[in-house]
Every structure is written in structure tokens, then in C-alpha cells.
Amino acid sequence: MPELRSAQWYAGQDRNSYIHRAWMRRGLPDSALDGRRPQIAIANTASDLTPCNSHLDEVAEHVKRGIWEAGGVPLNLPVVSIGETQVRPTAMLWRNMAAMATEEMLRANPVDGVVLLGGCDKTIPSLLMAAASVDLPAVVVPGGPMLTGTFRGTPLGCGTDVWRLSEEVRAGTLSQAAFLESESSMIRSRGHCNTMGTASTMGLLAEALGTVLPGTAGTPAPDSRLLARSHETGRLIVEMVAADRRPSRVLTAGSFHNAIVALAALGGSTNAVVHLLAIAGRLGVPLTLDDFDRVGADVPLLVDLQPAGKYLMEDLYRAGGLAAVLREVADLLDPDAIDVTGRPFVASLAEAQIWDRDVIRGREKPVLPQAGIAVLRGNLAPAGAIIKPAAASPHLLRHRGRAVVFDSVEDFHARIDAPDLDVDANSVLVLRGCGPRGYPGMPEVANMPLPRKLLQAGVRDMVRVCDGRMSGTAYGTVVLHVAPEAAAGGPLDRVRDGDWIVLDVDNRRLTVDVPDDELAAREPSAALRAALARPSRGWQKLYVDTVLGAEVGADLDFLVGSSGDAVSRESH
Ligand code: FES
């Protein structure tokens, strides 16, 4: 075992080491604090207010067993936890705060390595950002998806079916009573959302990045195999400390390449783009928005999961899981990228098999020949915008329509169902003021519900354009993350009702048919300025003053990079 960081607290005979040891004893044996046993934090996002993670205390107990068994000392460290469905104004506003708080607590404490327990959307990204910046040996245990619930004999995809059923109510094809009846069937068990939404995507991508014990991600939360893997992860982190295997060694450009291939093959959430960019930014890995298109565009979609497809996460697991998917595209992966075991990640795929070829398709018969994220540019998005073609309607991927502009979410809700709203199926719905700085926090509002009168006429998709995000559980022809955002002076701020907007996904273009000089000369929207948040203190002020654009991951400008694990001066 190398010289341990925690020895700077515990080894020694002086007054300070006495204090550090004495207050920690409380039943620990002397050997636990002799400066020779790795002190392993379990960064635990269990919280009753993050219901998708509420089972992580039990997971932590099994991680602890493995740590003790391998000669380490486990230490539960509750960290900031963000419940996607509960917090306002949007969970994304708090991702960077959670990352900063976790990073600082890991650095401030006598810790040699960390096991990261996450699940709900923002928790794994914030934990990985923190681990990257403190650069202590780190391994993730994804909390896993919930089991499949059913309503009236039909499987329910959580998130996705909320959007679908609520649109059915608005269209008049489902009663309000039936809609409410489905509520109690939606969440069947512990665990996070069971579609290929953001939580599922980030758990699986954490493994593709190499930060999870291979074969763990995607294990359903109630499955006893998750607890066994947690135990093994506890053993692994002690070995990682001994080998000095840190995020800066595991998370290379090759790891991010692999994550982008996995994102495409899985048909994962668009939210992965901002999270991967932010994690890479903490490590100094030169990942750009265009890499998602360059690496992912020609990767086939191999998984038929909601929101775009049919099945749910429990089906993916029984069909062979992530390893079976990635084995199909192993030739596209970086052979040199390692994982937390120190071995090449691709080596972990060797034995994988597909057990249900309806859920996981073979390379020769993909769901779509090309998946991935398309990165769009043009005079409406000079710094980029993204769209997930696999979740869009093919006939809308090349489209020209007149803009119907909304200056805030409230403006949208107030007018979208008005009978006299000047909108038809060809229109392009534009929602602005929803970027990182504008809302603030970049909420998942881009998948705007369609106007009631068009729903009733049978329209089920329209082109939508927004500087915000879209829930990973949503679908539709939605252009997201338009950058620069309107609140930062992006051209979206100067679009007007009736302007012609052109979407051309094949040619990666998003433009407004207004001459550049005329667009630049227009006054910014007064209604948007009036709607923007102007926090005067606290985290929200810090966030609005320092947040970067979506095109680089929406981290705070001063959090990009790493401060390492240097031990600071004494407290007394
Ligand atoms: Fe937690 Fe979906 S709300 S994962």
C-alpha cells in the first residue's frame, strides 16, 4: 500500500493526530486509524427527497462489507442529492452545486478513495464531476432502474408515458380519471426511471467511461445481484487505492469516445451531452460538441427502448445489458481505454451475449442504421444546437416553417391552447429564455406540448426549437441546447413570430430566413428581458453570474479543471 493521504491525519504521536483519531474511534478498532488502512468515503446520495435513490443506504451497507473485507475502512458520506421530480426551478440548477460540495468535502476529509452512489438524473454526473476534480481513486455504483410497472395490461415507461398519456387527455382520447388511475402504477419499485432516460443513460455511460465495475450498470435496483456487485465494488476500491488508479488515469479521451459510441448505440438521452462535456472539462480532456456528431453519427441504434422504442430497462438487463450491446460495436471502441479494474474496457465485453434479439439487435439488423446526436449550426445557433434524430419524426428532419415564439414557459402555457393562436402543423414552436443563465438552470421544457387544436386534429409531432433541455424520457422533433442562449444574447433572442425557420438535419443546419444584418439590427425581445430571473444573492446569483453555455457543458467558469487532492493546513 502506498503512503496514504489519510496518514496525514492519523499517523503520528502529536496532539493533532490524537484529536483526529480520538473523535473517530466510537467503536472502531485501533488498527482502523493507524494510518495504514485506506479510508474510503461512500459518497451517498440516498435521500427521501430523491426517491429514485432512497435505497442507496442498503447499497452502501454492501459496499462497506467489501471495503472491510479488503482491508479498508468505509465511511458513509451523505452528499448533496437532487431529486429530479421534486426540486424547483430545475434539478440542473443544482448539479454544479452538488459537484462543488462533494469535491470540497472529499478534499477536506481524511479520505483515500471514494465509492460514488448515484442514480437519479443529476446525481451520477455531479459525483463524477466532483471525483474528476479532486482526482482521488473513484468508482461508481449506479443505483439501477426500477422494475416495469403495468397499467391496464400495458407496460408503463416512467416519464415517457406521463408525456404520452397527458397528451392523450389533451387530445380527448383518454379520460382524466383514467389518467389519474395510471399514477399509482407508474413507479413499481425502488430505483430510477426505467426508460432510456437520463438516469439510465448516465448509469450505463458511467460504465462505458470505465468508472463502474463492468457488468454492474443497468442491474435493476431490486435485483440482489446489485448488492453482490456493490460488495465487489467495495473490494475493488481498496485495490484501486493501492494501485493509485485515479480518474485522471481512467478517464481519457478514449473513454469519452467509448461513451459517445455507447450513447448512440443505446439511443441514450440528449442530456448526456452536457454532462459528458462537463466531466471532460474537469479533466482537461478536449471533448467538443462536434465530437458527438463525428463519433456517434454512424453508430447503429441497437436497443429498442422507450422513449423512442418499445422496451424498458428490465428488458435490456435480461437481454444481455450494456456489454451485449457494446460487443456488437466493439470495433468502434477505443481498445486502449481502461476501466476501474485497470484492464482495457473492451476486454470486459468478450463473454457478452444477446439473449433477446428483439430488445438488443445485432449489428446486421439494427433498429436504425445511424443513431447518435446531430449537431446543428447556422445563424440561429452559431455555437451549436443538438437534435436526436432517432427520437424525431423522419418527415420533419427537413422542414421549413413559420415561427411561433414564446418568451417564457409561463407565456407558452398561457397561450398554447388558445383557439386563436396563429399556428398550424407546419409551424415551428420556439421557446427561449430557458438556457443555463436564462431560466436559470436550463430546464427540461424543450419538448413543448403541442397546441390542443392540432392534437385534436391528429397532429402528433411538430418542429420545436429551444435553448433549454428535453427530458431524456421525451421524444419528438425537438432542437435543443441552442447556443448561445437567448439570455446571453444569442440570435434566438431576435426571432419574431412569422419568421421562416429552416431545419435541415442532413446538412446539420438550423437557420432563420432573415438577412444577418437585419437580424443583428433587431431589438432583443423586451418580453424576454422582463421574464428573465435576476437573483440577487446566494447560489442562484453565483450560478447566473458564472455559468457557461450548454455547448461546453454548462459548468461554472471557475469549476472547470481540477484542484487535485492536496491536503490543506491543519484546523487547529
Ligand atoms: Fe429520478 Fe427519473 S426522476 S430518474
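Only a predicted model underlies this, so the values are computations on that prediction, with no experimental measurement involved. (Residues numbered from 1 in each chain as written. Predicted model: local features only at pLDDT ≥ 70, side-chain atom pairs only at ≥ 80, totals over all residues. Heavy atoms only, no water.)

What to know about the UniProt feature "domain: Dihydroxy-acid/6-phosphogluconate dehydratase N-terminal" (unreviewed entry) in the protein chain
No. 1: Per the UniProt entry, the sites bearing "domain: Dihydroxy-acid/6-phosphogluconate dehydratase N-terminal" (unreviewed entry) are residues 37–344 in this numbering.
No. 2: As annotated, residues 37–344 comprises 49% helix and 9% strand, and the C-alpha atoms at either end are separated by 28 Å. (UniProt positions renumbered as here; feature names shortened; annotations may be inferred. Helix = DSSP H or I, 4+ residues; strand = E, 2+ residues; numbered from the N terminus.)

Quick look at the packing of aromatic side chains
No. 1: Going through the model one piece at a time under the given rule, you end up with two aromatic pairs.
No. 2: Between F406 and F412 the ring centres are 5.0 Å apart and the planes differ by 75°, which places this aromatic pair in the edge-to-face class. The same class applies to F406 and to F412, which are both buried.
No. 3: Ring geometry for W539 and Y543: centres 6.3 Å apart, planes at 50°, overall tilted. Taken together, the residues W539 and Y543, both in helix α20 (residues 538–546) and four residues apart, mark about one turn of the helix.
No. 4: Overall, W539 belongs to the buried group, its relative accessible area being 13%.
No. 5: Exposure remark for Y543: the relative accessible area of 0% places this residue in the buried category. (Phe/Tyr/Trp six-rings, centres within 6.5 Å; stacked < 30°, edge-to-face > 60°. Buried < 20%, exposed > 50% of the residue type's maximum accessible area, 1.4 Å probe, protein only.)

Some details on the UniProt feature "domain: Dihydroxy-acid/6-phosphogluconate dehydratase C-terminal" (unreviewed entry) in the protein chain
No. 1: Per the UniProt entry, the sites bearing "domain: Dihydroxy-acid/6-phosphogluconate dehydratase C-terminal" (unreviewed entry) are residues 358–554 in this numbering.
No. 2: Between the first and last C-alpha atoms of residues 358–554 the distance is 37 Å; the span itself is 17% helix and 22% strand.

Structural notes on the nonpolar core
Nonpolar side chains in soluble globular proteins tend to be buried together.
No. 1: Ranked by size, the top nonpolar core spans 100 residues in total, and within it L116, F256, L266, L316, L326 and L431 carry the most contacts.
No. 2: With nine residues, helix α11 (residues 253–266) is the largest single contributor of residues to this core.
No. 3: Excluding residues that lie within four positions of it along the chain, L116 makes contacts with A43, L127, L128, A131, A138, V139, V140 and V141. (Core = buried A, V, L, I, M, F, W, Y, C linked by side-chain atoms within 4.5 Å. Contact = heavy atoms within 4.5 Å.)

Observations concerning the pairing of strand β1 (residues 39–44)
No. 1: Of all six residues making up β1, six are buried, and the element is well covered by its neighbours.
No. 2: Residues Q39, A41 and A43 point to one face of β1 and I40, I42 and N44 to the other, with burial holding for every one of them.
No. 3: Of the pairings in the sheet, the one linking β1 to strand β2 (residues 73–78) comprises six bridges and is parallel in character. Note that in β2 the partner of A41 across the bridge is L75.
No. 4: The handedness of the β1 to β2 crossover, carried by helix α3 (residues 56–69), is right-handed.
No. 5: Bridge count between β1 and strand β3 (residues 113–118): five bridges; the pairing is parallel. Looking at the pairing, A43 lines up with L116 of β3. (Pairing = 2+ DSSP bridges. Right-handed = clockwise from strand over helix to strand, strands pointing away.)

Some details on the packing of α11 against helix α12 (residues 271–283)
No. 1: In contact at an axis separation of 12 Å, α11 and α12 are set at 175° when each is read in the N-to-C sense. Taken as axis vectors, α11 and α12 run roughly antiparallel relative to one another. Side by side, α11 and α12 meet where F256, A259 and L263 of the first sit next to A272, L276, I279, A280 and L283 of the second.
No. 2: Residue composition of the contact of α11 with α12, by class: eight nonpolar, no polar and no charged. (Axes fitted to C-alpha atoms, helices over the stretch in contact; angles between N-to-C directions. Parallel < 35°, antiparallel > 145°, perpendicular 65-115°, else oblique. Nonpolar A, V, L, I, M, F, W, Y, C, P; charged D, E, K, R; others polar.)

A few points about a nonpolar patch on the surface
No. 1: The grouping of V162, W163 and Y475 at the surface amounts to a nonpolar patch, some 230 Å² of accessible area in total.
No. 2: Along the chain, Y475 turns up in the loop between β11 (463–466) and β12 (478–483). (Patch = residues over 30% accessible without salt bridge, like charges linked within 9 Å, V, L, I, M, F, W, Y side chains within 5 Å. Areas by Shrake-Rupley, 256 points an atom, 1.4 Å probe, with all protein chains shown as cover. Salt bridge = Lys/Arg side-chain N within 4 Å of Asp/Glu carboxyl O.)

A closer look at unusual backbone geometry
Trans is the prevailing form of peptide bonds, just as negative phi is the prevailing case for residues other than glycine.
No. 1: Put simply, Q306 and P307 share a cis peptide bond, and its omega is 20°.
No. 2: In this fold, P307 is placed in the loop between α13 (289–296) and α14 (313–318).
No. 3: A positive phi angle, near 55°, is found at D244, a position not held by glycine.
No. 4: As for its placement among the helices and strands, D244 is situated in the loop between α9 (224–243) and α10 (247–250).
No. 5: Given the relative accessible area of 35%, D244 is considered partly exposed.
No. 6: A positive phi angle, close to 55°, is found at H481, a residue other than glycine.

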